[in-house]
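# Report on the structure
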Amino acid sequence: QVQLVESGGGLVQAGGSLRLACAASARTFSRYVMGWFRQAPGKEREFVARITWSGGSTYYADSVKGRFTISRDNAKNTVYLQMNSLKPEDTAVYYCAGSPSDSSDSRRYDLWGQGTQVTVSS
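Thresholds applied
Each residue is numbered by its place in its chain's sequence as written, counting from 1. Residue-level local features of this predicted model are given only where pLDDT is at least 70; pairs of side-chain atoms are given and counted only at 80 or more, and the full residue set underlies all totals for whole chains, interfaces and linings. The basis for the side-chain values is all heavy atoms of the structure; hydrogens and waters are excluded. Summary of the burial criterion: residues with accessible area below 20% of their type's maximum are buried, those above 50% are exposed, and those between are partly exposed, where the area comes from a 1.4 Å probe applied to protein chains only. Secondary structure elements are defined from DSSP: runs of H or I of at least 4 residues count as helices, runs of E of at least 2 residues count as strands, and each element is numbered from the N terminus. Strand pairing is assigned whenever DSSP detects at least two bridges linking the two strands. Contacts were defined at the residue level, with two residues in contact if any of their heavy atoms lie within 4.5 Å.

### Examining the pairing of strand β11 (residues 116-121)
Only one face of β11 is covered, namely the face carrying Thr116, Val118 and Val120; the face carrying Gln117, Thr119 and Ser121 is uncovered. Here strand β2 (residues 10-13) pairs with β11 via 4 bridges, running parallel. Note on β11: the bridge partner recorded for Gln13 is Ser121. In this structure, strand β9 (residues 92-99) lies alongside β11, joined through 3 bridges in antiparallel fashion. Considered in β11, the bridge of Ala92 is made with Val118.

### Concerning the environment of Arg19
With respect to the element layout, Arg19 can be found in strand β3 (residues 18-24). On the basis of relative accessibility, which here comes to 49%, the residue Arg19 falls in the partly exposed class. Measuring from C-alpha to C-alpha, the distance between Arg19 and Tyr80 comes to 6.9 Å, with 61 residues separating the pair along the chain. In this structure Arg19 touches Ser7, Gly8, Tyr80, Leu81 and Gln82, once residues within four positions along its chain are discounted.

Following this line, the structure appears as C-alpha cells:
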C-alpha cells in the first residue's frame with residue numbers, strides 16, 4: 001500500500017506564500033493522478049488542484065486559479081503545491097491524494113495523506 005506524507009504547512013500572513021510537499025512511499029507513484037484537497041472547520045472537503053500522471057495537465061479550483069501551482073517530480077515520488085498570495089479563506093487542513101483516474105471527485109481517490117494545517121492570518 002502506497003503511503004503519502006505531507007509537509008510544509010504552517011502559519012503565514014495574508015499575501016504570503018507556502019509550499020506543500022507530499023512524498024509517496026512507492027515507485028508506483030507515477031501510476032496515480034495526484035490531487036490536493038482541503039477542509040476548513042465546519043466545511044466539506046473540497047478539491048484544490050490535480051496533476052496527471054506525467055505532469056502534462058493540471059487543473060485548479062476557481063478559488064485558487066492564478067495563485068496556486070501544482071507540480072510533481074516522479075523521480076522523487078513527490079507532488080508539490082506552491083501557494084502564493086494566500087488569503088485567510090485558504091486556512092484549512094490540506095490533504096494530498098492519489099487516484100488511478102483523472103478526476104476532481106474525492107471519491108475517486110483511494111490514497112490519502114494525513115493532512116497538514118495551513119493557517120493564514122489577516
